[in-house]
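Tertiary structure, described
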Amino acid sequence: MTARKKIAAANWKMNLTWPEATELVNALVDSIEAVNDPCQVILAVPFPYLQSVSALVKGHIGYSVAAQNCHQKAAGAYTGEVSAVMLQAMEIAYCLVGHSERREYNGETHAVLADKLVRCIENKISPIFCCGEPLAIRDQEKQNEYVAKQLQEALFVLSSDQAASAVIAYEPIWAIGTGRTASSQQAQAMHRHIRSVLASQYGEALAGQIPILYGGSVKASNADELFACPDVDGALVGGASLVASEFSAIVRSLTSA
Ligand code: PGA
């Protein structure tokens, strides 16, 4: 059996001008020229930068580029939107689906996310499916049911063959951009739970192959501890991914974990 992928993914969100982005990517690949299997670095960048960042990382083994979103329809009169068909034509390998900011600000429902997942798979794009509970749910200790439902209502639209290319990112909403990281015990417990929910649908073998990333205030100083957890297969990093020295330190933590 092949080793499960380990992934350091950057989520730039709506940050960085193009000159800043170029500087960041160049500093990153200068610092870490390549990463070897099973490790990967994925940069989720704004749409206008997809092609140029792909060119900057070309030839750097283990690097790839992700879109932060795609539309749920294949094509049509949806002004301002970008389809998975377009992303595939640009050879984009990954796409974030269901980030909590899109669920909240763009009203993305389980049904919309299920359609987006299918569009990704139809276009040979690996979806990075984001899930995670708000603080009120954590306070009521209902996070396991909440996250299971997010998986069941959207991800489980995929067959086993299709789910094999998916990546999960667990991002507790109370830890995103707040400086408050889940403890490694909280992260491990939820990742273990997510893997068991995946196993209930897809079987143990496939569940054991799907990478589950942690996201929410990951930084160089807490990466080692998180990556030491047996079910934490990497990170989806927002704020700290905008600083080359921070993100390269996180990548180093991953490759040495
Ligand atoms: P953060 O964001 O690292 O800034 O908390 C993570 C994310 O939203 O993907």
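For the structure itself, look to the data block above.
These notes cover the structure that comes with them. (Residues numbered from 1 in each chain as written. Predicted model: local features only at pLDDT ≥ 70, side-chain atom pairs only at ≥ 80, totals over all residues. Heavy atoms only, no water.)

Comments concerning the site of the ligand
Taken together, 13 residues are adjacent to the ligand, and Lys13, His99, Glu171, Gly177 and Ser217 come closest. Side-chain polar atom of His99 to an oxygen atom of the ligand: 2.7 Å apart, as the coordinates give it. A distance of 2.8 Å separates an oxygen atom of the ligand from a polar atom in the backbone of Gly238. In the complex, 95% of the free accessible area of the ligand, which totals 280 Å², lies under the protein chains. (Near = heavy atom within 4 Å. Polar contact = N/O pair within 3.5 Å; in protein donor to acceptor, adjacent residues only side chain to side chain. Areas by Shrake-Rupley, 256 points an atom, 1.4 Å probe, with all protein chains shown as cover.)

What about the pattern of salt bridges?
Counted according to the given criterion, the structure contains 10 salt bridges. One salt bridge in this structure joins Arg138 and Glu133, with 2.9 Å as the shortest N-O distance. Per residue, the accessibility class of Arg138 equals that of Glu133, and both read buried. Residue Arg195 pairs with Asp233 through a salt bridge whose shortest N-O separation is 2.8 Å. A residue pair is termed long-range when its members are at least 10 positions apart, and Arg195 in helix H9 (residues 184-202) and Asp233 in the loop between helix H11 (220-227) and strand S8 (234-237) qualify at 38 residues. (Salt bridge = Lys/Arg side-chain N within 4 Å of Asp/Glu carboxyl O. Buried < 20%, exposed > 50% of the residue type's maximum accessible area, 1.4 Å probe, protein only. Helix = DSSP H or I, 4+ residues; strand = E, 2+ residues; numbered from the N terminus.)

Structural notes on the nonpolar core
If you look at the biggest cluster of nonpolar residues, it comprises 75 residues, and the most contacted ones within it are Leu43, Phe129, Leu155, Ile168, Ile194 and Leu198. No other element matches H9, which puts seven residues into this core. Non-local contacts of Leu198, meaning those with residues more than four positions away in its chain, are made with Leu155, Phe156, Ile168, Gly203, Ala207, Ile210 and Ile212. Core analysis: the next-biggest nonpolar cluster, separate from the first, contains 13 residues, Ile7, Ala44, Tyr94 and Cys130 among them. (Core = buried A, V, L, I, M, F, W, Y, C linked by side-chain atoms within 4.5 Å. Contact = heavy atoms within 4.5 Å.)

Examining the packing of helix H1 (residues 18-31) against helix H12 (residues 244-256)
What describes two packed helices is the angle between their axes and the distance between those same axes. Across the interface, H1 lies against H12 with an axial gap of 9 Å and an inter-helix angle of 35 degrees. Handedness of the H1/H12 crossing: right-handed. Contact residues: Leu24, Ala27, Leu28 and Ser31 in H1; Ala244, Phe247, Ser248 and Arg252 in H12. Residues of the contact of H1 with H12, tallied by class, amount to five nonpolar, two polar and one charged. (Axes fitted to C-alpha atoms, helices over the stretch in contact; angles between N-to-C directions. Left-handed = near helix turned anticlockwise from the far one by under 90°. Nonpolar A, V, L, I, M, F, W, Y, C, P; charged D, E, K, R; others polar.)

Re the environment of Asp161
Structurally, Asp161 can be placed in helix H8 (residues 160-163). Taking the C-alpha atoms as reference, Asp161 lies 23 Å from Val65; in sequence the two are 96 residues apart.

A word on the environment of Leu254
Relative to the assigned elements, Leu254 resides in helix H12. Leu254 gets classed as buried once you look at its relative accessible area, which sits at 1%. For the pair formed by Leu254 and Asp224, sequence separation is 30 residues and the distance between their alpha carbons is 7.5 Å.

A look at the sheet that holds strand S6 (residues 167-170)
Read around the closed barrel, eight strands run S1-S2-S3-S4-S5-S6-S7-S8, paired in parallel fashion. Mean inter-strand twist for the sheet, computed between neighbouring axes without regard to direction, equals 25 degrees. With four bridges connecting them, strand S1 (residues 6-11) and S8 associate as parallel partners. Counterpart to Ala10 in the pairing with S8 is Val237. (Pairing = 2+ DSSP bridges.)

Some remarks on the pairing of strand S2 (residues 39-44)
Burial of S2 is extensive: six of the six residues sit out of reach of the surface. Both faces of S2 are covered, namely the face carrying Cys39, Val41 and Leu43 and the face carrying Gln40, Ile42 and Ala44. With H1 bridging S1 and its parallel neighbour S2, the resulting β-α-β unit is right-handed. Pairing of S2 with strand S3 (residues 63-67) involves four bridges; the strand directions are parallel. By the bridge assignment, Val41 is partnered in S3 with Tyr63. Once the chain exits S2 it traverses helix H2 (residues 50-57) before rejoining the sheet at S3, and the crossover so formed is right-handed. (Right-handed = clockwise from strand over helix to strand, strands pointing away.)

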